[in-house]
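Working through the structure, step by step
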Amino acid sequence: MDLVERYIAAVKRELPTRSREDIGRELEANIMDKVDALEEQHGPLNQQQVNDLLLEMGHPRTVAREFYPPKPLVSVQLMPIYLNTLYMVLGILFVISSLEVATRWLSGSEMTLFLLMKGLLSSFLNAGYFAFTWVTIAFIIMTRDNKKQQDNDSCQWSPTQLPSALNNWQHIRLQDIFTDLASLLFLALVIWYPILRPGPDIESIFNNETWTVLQWFTPIIAIGVVNSLWQLRTRIWTRRLLGINIGVSSAFAAMALWLMATRPILRLDETTWEGTLSVASIELSVLVFVFVVLVISLYEVIRDLRRLTRL
Amino acid sequence: MTTTPSDKLKLELRRGVLALAVLALLKEPHYGYSLRQQLQDSGIEIDEGTLYPLIRRLADQGLLDSEWRHASGRERRYYQLSALGRERLEQLTQEWSSLNNALSPLLTLNNALEGE
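Residues numbered from 1 in each chain as written. Chains lettered and ligands numbered in written order. Predicted model: local features only at pLDDT ≥ 70, side-chain atom pairs only at ≥ 80, totals over all residues. Heavy atoms only, no water.

By the naming in an unreviewed UniProt entry, chain B goes by PadR family transcriptional regulator and is assigned to Aliidiomarina haloalkalitolerans.

1. Let's talk about the overall build of chain A
To keep it simple, the criterion reads: Only DSSP runs of H or I covering at least 4 residues are called helices, and only runs of E covering at least 2 are called strands; the numbering of each starts at the N terminus. Working rule for contacts: check all heavy atoms of both residues, and any pair within 4.5 Å makes them a contact.
A count of helical and extended segments in chain A gives 13 helices and 0 strands. Scanning chain A from its N terminus toward the C terminus, one meets helices and strands in the order α-α-α-α-α-α-α-α-α-α-α-α-α. Partitioning the intrachain contacts of chain A with sequence separation of at least 6 by distance along the chain shows that 74% fall at a separation of at least 24.

2. Notes on the nonpolar core
Convention followed: Residues grouped as a nonpolar core are buried Ala, Val, Leu, Ile, Met, Phe, Trp, Tyr and Cys residues, joined through side-chain atoms within 4.5 Å. In this scheme, a residue with accessible area under 20% of its type's maximum is buried, one over 50% is exposed, and one in between is partly exposed, where area comes from a 1.4 Å probe on protein chains only.
Within the largest apolar cluster, 43 residues are counted, with the highest numbers of intra-cluster contacts made by A:Tyr7, A:Leu27, A:Ile31, B:Val22, B:Leu51, B:Tyr52 and B:Leu64. Those elements giving two or more residues to this core turn out to be α1 (2–13), α2 (17–42), α3 (47–57) and α4 (60–67) of chain A together with α1 (5–25), α2 (32–41), α3 (48–60) and β3 (74–81) of chain B. Among all residues touching B:Leu51, those that are not within four sequence positions of it are B:Val22, B:Gly32, B:Leu35, B:Arg36, B:Leu39 and B:Ile46. Formed by 40 residues, the second largest nonpolar core is a distinct cluster that contains A:Leu181, A:Trp211, A:Leu214 and A:Ala256.

3. Here we look at the interface of chain B and chain A
Basically, it comes down to this: The term buried area refers to how much accessible surface (probe radius 1.4 Å) is lost by two components on association, counted for both of them together. A carboxyl oxygen of Asp or Glu within 4 Å of a side-chain nitrogen of Lys or Arg is what we treat as a salt bridge.
If you look at the interface, chain B gives 18 residues, while chain A gives 17 residues. When the buried area of chain B at its contact with chain A is split by residue, B:Tyr33, B:Arg56 and B:Arg74 rank highest and sum to 30% of it. Our count for the contact surface shared by chain B and chain A stands at 9 salt bridges. The partner of B:Glu48 in a salt bridge is A:Lys34, and the shortest N-O contact between them spans 2.8 Å. Those elements giving two or more residues to the side of chain B that touches chain A turn out to be α2, α3, β2 (64–71) and β3 of chain B. By residue number, the principal contributor to the side of chain B that touches chain A is α3(B), which donates 7 residues.

4. A short note on unusual backbone geometry
The phi dihedral of A:Arg235 falls on the positive side, at around 60°, and the residue is not glycine. Mapped onto the elements of the fold, A:Arg235 is located in the loop between α10 (218–234) and α11 (239–261).

5. Remarks on the side chain of A:Arg235
Residue and element names in this part refer to chain A. Inclusion rule: A residue counts as positive if it is Lys or Arg and as negative if it is Asp or Glu; His and the chain ends are not included. Counting of polar contacts relies on pairs of N or O atoms within 3.5 Å, with two restrictions inside protein: one atom must be capable of donating a hydrogen and the other of accepting it, and residues adjacent in sequence are counted only when both atoms are side-chain atoms.
We note that Arg235 is buried and unpaired, the nearest opposite charge coming from Asp176 at a distance of 8.9 Å. At a separation of 3.3 Å, a polar atom in the side chain of Arg235 contacts the side chain of Asn84. Separated by 3.3 Å, the side chains of Arg235 and His171 make a polar contact. In this structure, Arg235 is in contact with Asn84, Gln170, His171, Ile172, Arg173, Leu174 and Ile177, ignoring residues within four places of it in sequence.

6. Some remarks on the sheet that holds β3(B)
Residues and elements named next belong to chain B. Note the following rule: Paired strands, as defined in this entry, are two strands with at least two bridges between them according to DSSP.
If you walk across this open sheet you meet the 3 strands as β1-β3-β2, and the pairing is antiparallel. Where the open sheet ends on each side, the last strands, each with one partner, are β1 (30–31) and β2. Pairing between β1 and β3: 2 bridges, direction antiparallel. In the strand pairing of β3, His30 is matched with Tyr79.

7. Let's talk about the packing of aromatic side chains
Quick reminder of the rule: Geometry of aromatic contacts follows a simple scheme: Phe, Tyr and Trp rings, the Trp one being its six-membered ring, pair when their centres are within 6.5 Å, and the pair is stacked under 30 degrees between planes, edge-to-face over 60, tilted otherwise.
Per the stated rule, a full pass over the model turns up 5 aromatic pairs over all chains. Here A:Phe217 and A:Phe252 contribute two aromatic rings whose centre-to-centre distance is 5.0 Å and whose plane-to-plane angle is 80°, an arrangement assigned as edge-to-face. Taken as a pair, A:Phe217 in the loop between α9 (208–216) and α10 and A:Phe252 in helix α11 lie far apart in primary sequence, 35 residues in all. The pair formed by A:Phe217 and A:Phe252 is uniform in burial state, with each residue classed as buried. Judged by centre distance (5.3 Å) and plane angle (70°), the rings of B:Tyr31 and B:Tyr78 are edge-to-face. Of this pair, B:Tyr31 sits in strand β1 while B:Tyr78 is found in strand β3, placing the two residues 47 residues apart along the sequence.

8. A short note on the packing of α2(B) against α3(B)
All names here are of chain B. The following threshold applies: Between N-to-C directions, angles span 0 to 180 degrees; the directions come from axes that are lines fitted to C-alpha atoms, helices contributing only their stretch in contact. Throughout, a crossing is termed right-handed when the near helix is turned clockwise from the far one, and left-handed when it is turned anticlockwise from it by less than a right angle. Side-chain classes are defined by residue name, with Ala, Val, Leu, Ile, Met, Phe, Trp, Tyr, Cys and Pro counting as nonpolar, Asp, Glu, Lys and Arg as charged, and the others, Gly among them, as polar.
Close contact between α2 and α3 brings their axes to 10 Å; oriented N to C, the two are set at 115°. Regarding α2 and α3, the two cross each other, and that crossing is right-handed. Where α2 approaches α3, its residues Gly32, Tyr33, Leu35, Arg36 and Leu39 are matched on the opposing element by Glu48, Leu51, Tyr52 and Ile55. Taken together, the residues of the contact of α2 with α3 break down into 6 nonpolar, 1 polar and 2 charged.

9. Some details on the pattern of salt bridges
Tallied over the full model, the rule gives 17 salt bridges over all chains. B:Arg77 is the partner of A:Glu26 in a salt bridge, and the nearest nitrogen-oxygen pair spans 3.0 Å. Taken together, the positions of A:Glu26 in helix α2 and B:Arg77 in strand β3 put the pair across two chains. As far as the burial class goes, A:Glu26 and B:Arg77 line up, both buried.

10. Side note on the pairing of β3(B)
Residues and elements named next belong to chain B. In terms of residue burial, β3 counts as a mostly covered element, since 6 of its 8 residues are buried. Relative to β3, β2 is paired through 8 bridges, and the arrangement is antiparallel. When the sheet's bridge partners are listed, Asp65 is paired in β3 with Gln80. Following β2, the chain reverses through 2 residues before pairing antiparallel with β3; Ser72 in that reversal takes a positive phi of roughly 45°.

11. A look at the UniProt feature "transmembrane region" (unreviewed entry) in chain A
Residues and elements named next belong to chain A. What counts, and what does not: UniProt positions are given in the numbering used here, feature names are shortened, and annotations may be inferred rather than shown by experiment.
The UniProt record annotates "transmembrane region" (unreviewed entry) at residues 81–99, 119–141, 177–193, 213–230, 242–261 and 281–302. For the annotated span residues 81–99, helix accounts for 100% and strand for 0% of the residues, and the straight-line distance between the end C-alpha atoms is 27 Å. For residues 119–141, the end-to-end C-alpha separation is 33 Å, with 100% helix and 0% strand making up the annotated structure.

Take a look at the structure:
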């Protein structure tokens, strides 16, 4: 009966410690009952017959899983809130990482685009691992502690509390909000860094005329940030939010057009870039970037106008 | 071994029914193997790998009482309905009868339509 003992031991290994002996003892009794019944019919069982009998019982892991079905770390009821929280936290960290890296870039420690992107990725991933771990641990604890509370919460709702958003597109994705937020704050930091930075004065990366106009553009950026934060609260496109978005996107399109017409956009010192990139190629890259901003802004204006007519 | 959608439906259908069948048979005390034999004799096939964990789960829910008995050099765990188990069996039996009454005409109608 070595095979039976090996089988019982294999099942026990897959079980929680507190139940191992009890379930193992009962499973062995049941298997031995079956062996007895078969031996009554066919005489003593050989190794192959015992092997077949155990195969019929099922793989030890499958049997153990039937006794103790695996419990998910985060319950199904909490999963949507868990994912939402995770995206929110990661989104906020993305915004913070963008600002942190932008500050380092503007202070001149990392000048190339590659290093800037690498810095952003590295900063975001470091904070992201930490946040992921703690958010997950918090929800594991909530899953263990608040099972009854979840059931109560899902009963306390009313259809009248549901937002009147009938179109799929009305749902605003978190990643869209955080991308907008990070871009707007990044732009605000680039514009205001020379003034806000403590210590000795440094020059803006923009030429004087562009910089002045961009400073006057700050209220539009502020409206965009408030609009994004409001979107974060409602998560649904309404006529008012669409109207504000059209206004902000139009202002961005106008600013992009003005920047394309007013060159050079940047204040570039040829000696700093000597031997790496030509000033003309950097100016061209910025121009292409501004053109992309123009296209995206115009696309958003047209998209939101069409949406507005459908609401 | 792959599980087809049809197998999954069968499994889902059998899951609740098997619990009801086990509760019904455990009005009398049984140990695991004897319960399986009883089920087989009643025409209900069930794997041991499914039956034994099912009995444990029902016992963990307080629906079954259990005790170890020793006889002819062999120990066996006997299970029997608890007071709570009897109450649940009664409720489940009523539910089953009500479902069966509602379902039978539907299935009969379906068979009649297929026959036409």
